[in-house]
Amino acid sequence: MNSYTETEFFVGDIPYQMYVQYYQPRPNQNSVPIVLLHGAFHTGTCFVKTPDNRQGWAVYLAKLGYSTYIVDLPGHGRSGFVPDFPLMSYQRIINATVALLEQIGPAVILTHSMSGVVGWQTAKTHPKLVKAIVGIAPSPPADLLPATTKKNSHEAFPEDRPRIQSREDTKKYFTNSNTFPQENFENYFCSLVAESARISNELRNVEGQGLYICHPQVLFDIPICVITGDQDPRHPREVDAETAKYFRGDFIWLPEVGLPGHGHMQMLEHGNLAIADLFISWLHSKGL
């Protein structure tokens, strides 16, 4: 018998509703829930199981007694179709995240990559609903990025169609690490979904349309931890360390705690539960 029960529900406004998968532990040993927000091209399934069928972070957290909420961001996976998906903005995701927190109460937010911005912005606008933020190679706020132009930047994406992650980029940026289960690449690649071009441009601060914090002190009372691996090509140490510093948060460089060889998809790699133990210990150190 599982040590948790599983339910599902939706939050947010149609058509930008957000699917939520909820693992309720038996008994509930920790009063603060954890919300898991996936990154670009993914769904919440990346937190449930690994491509080679090992235990994911969501199940692990539930077995440890944490009420765990796994979402598919609006327009992704089980959340359903959004008619103007290529033009869907970060704000739609932020709104849905706030709706979830208003329903379940204050929580720890664990973000990954693209959803890092969602964590920062949610904490900025609703600090009382965010107990802590764990950022796994999180996207920085626009304050730390240069503004680029669509005319001159190869980073800009046309917004008349959604983005599709190529096999080449997947291997280069997501599955390149020594600890990724390479023999199960196809299982992983088949799980990827399309991404909003507008969010991708906001993420890169194209034409200054990124989401700014401006006054990072509004987050100074919220415990923040950024965790980065040494084989993540888009998140060099100095970049993620600067993100943590901007919010007066803690920064964990995985090789320094005996966990080398990790890349961008830490929750799927071999040794994923050791990384979970790491941020759980950090939460305990903050009284959570």
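Scroll up a little and you will see the structure.
Residues numbered from 1 in each chain as written. Predicted model: local features only at pLDDT ≥ 70, side-chain atom pairs only at ≥ 80, totals over all residues. Heavy atoms only, no water.

1. A word on the overall build of the chain
What counts here: Runs of H or I in DSSP of at least four residues are treated as helices and runs of E of at least two as strands, each being numbered from the N terminus. Atoms considered for the radius of gyration are the C-alpha atoms alone. The globule rule reads 2.2 Å times the number of residues to the power 0.38. Burial classification: accessible surface area is computed with a 1.4 Å probe over protein chains only, and a residue below 20% of its type maximum counts as buried, one above 50% as exposed, and the rest as partly exposed. Contacts are assigned to residue pairs with any non-hydrogen atoms lying within 4.5 Å of each other. Using a 1.4 Å probe, the Shrake-Rupley method yields the accessible areas, and only the shown protein chains count as cover for residues. Residues scored as positive are Lys and Arg, those scored as negative are Asp and Glu, and His as well as the terminal groups of each chain are ignored. Charged groups are reduced to one reference atom each: NZ for lysine, CZ for arginine, CG for aspartic acid, CD for glutamic acid.
From N to C terminus, the chain includes eight helices and eight strands. Over its C-alpha atoms the chain spans a radius of gyration of 18 Å, differing by no more than 12% from the 19 Å that the globule rule assigns to 288 residues. For the chain, the residues scored as buried account for 57% of the 288 residues in total. In the chain, of all internal contacts separated by at least 6 residues, the share reaching a separation of at least 24 is 76%. Of the roughly 11,900 Å² that the chain leaves accessible, carbon and sulfur atoms contribute 51%. The averaged location of the 28 negative side-chain charges in the chain is 2 Å from the averaged location of its 23 positive side-chain charges.

2. Remarks on the environment of Ala-194
With respect to the helices and strands, the residue Ala-194 is situated in the loop between helix 5 (185–189) and helix 6 (197–203). It is 18 Å that separates the C-alpha atoms of Ala-194 and Gly-116, two residues lying 78 residues apart in sequence.

3. A look at the packing of aromatic side chains
Operational definition: Think of it this way: a Phe, Tyr or Trp ring, Trp meaning its six-membered ring, pairs with another when their centres are within 6.5 Å, and the plane angle makes it stacked under 30 degrees, edge-to-face over 60, tilted otherwise.
With the rule as written, the count across this model stands at 11 aromatic pairs. Considering the side-chain rings of Phe-47 and Trp-57, the 6.3 Å spacing of their centres and the 25° angle between planes classify their relative orientation as stacked. On the criterion of sequence distance, the pair formed by Phe-47 in the loop between strand 3 (30–37) and helix 1 (57–63) and Trp-57 in helix 1 is long-range, its members being 10 residues apart. Summarising the burial analysis for this pair, Phe-47 and Trp-57 share the class buried.

4. Some thoughts on the pattern of salt bridges
The line we're drawing: A carboxyl oxygen of Asp or Glu within 4 Å of a side-chain nitrogen of Lys or Arg is what we treat as a salt bridge.
Counted by the stated rule, this structure contains seven salt bridges. Across the salt bridge formed by Glu-186 and Arg-167, the nearest N and O atoms sit 2.6 Å from each other. Placement of Glu-186 in helix 5 and of Arg-167 in helix 4 (residues 167–174) is noted, with a sequence separation of 19 residues between them. Between Arg-237 and Glu-256 there is a salt bridge; the shortest N-O distance is 2.5 Å. Within this pair, whereas Arg-237 is found in helix 7 (residues 237–246), its partner Glu-256 is found in the loop between strand 8 (250–253) and helix 8 (272–285), the two being separated by 19 residues in sequence. The partly exposed category is assigned to Arg-237, whose relative accessible area is 35%. Judged by its relative accessible area of 55%, Glu-256 is exposed.

5. So, the sheet that holds strand 4 (residues 66–72)
Note: strands within a sheet are paired through backbone hydrogen bonds, in either parallel or antiparallel orientation. How we decide: Paired strands, as defined in this entry, are two strands with at least two bridges between them according to DSSP. Fitted lines through C-alpha atoms give the axes, limited to the stretch in contact for helices. The angle between two N-to-C directions lies from 0 to 180 degrees.
Spatially, 1-2-4-3-5-6-7-8 is the arrangement adopted by the eight strands of the open sheet, whose pairing is mixed. Only two strands of the sheet have a single partner each, and these edge strands are strand 1 (4–11) and strand 8. The average undirected angle you get between the axes of adjacent strands in this sheet is 20°. Relative to strand 7 (residues 224–228), strand 6 (residues 130–136) is paired through four bridges, and the arrangement is parallel. Bridge pairing links Gly-135 to Val-226 in strand 7. Running at roughly 160° to strand 8, helix 7 makes contact with strand 7 and strand 8 of the sheet. On top of the sheet, helix 8 reaches strand 3, strand 4, strand 5 (107–112), strand 6, strand 7 and strand 8; it is set at about 150° to strand 6, its chief contact.

6. Details of helix 4
Let me state the cut-off plainly: Here the arc refers to the directions that run from the helix axis out to each C-beta atom.
Among all positions in helix 4, only Thr-170, Tyr-173 and Phe-174 are buried. Angular distribution of buried residues about the axis of helix 4 spans 95°; they occupy a single face of the element. Here the buried face of helix 4 lies against helix 5.

7. Description of the packing of helix 2 (residues 90–104) against helix 3 (residues 116–125)
As a reminder, the rule being used: An angle counts as roughly parallel when it lies under 35 degrees, as roughly antiparallel when it exceeds 145, as roughly perpendicular when it falls between 65 and 115, and as oblique in every other case. By definition, any crossing whose near helix is turned counterclockwise from its far helix by less than a right angle is left-handed, and any crossing with a clockwise turn is right-handed.
In contact at an axis separation of 10 Å, helix 2 and helix 3 are set at 60° when each is read in the N-to-C sense. Taken together, the axes of helix 2 and helix 3 are oblique relative to one another. With respect to the hand of their crossing, helix 2 and helix 3 are arranged in right-handed fashion. Contacts from Tyr-90, Ile-93, Ile-94, Thr-97, Val-98 and Leu-101 of helix 2 reach helix 3 at Val-117, Val-118, Gln-121 and Thr-122.

Function cannot be inferred from these measures alone, as they are strictly geometric.
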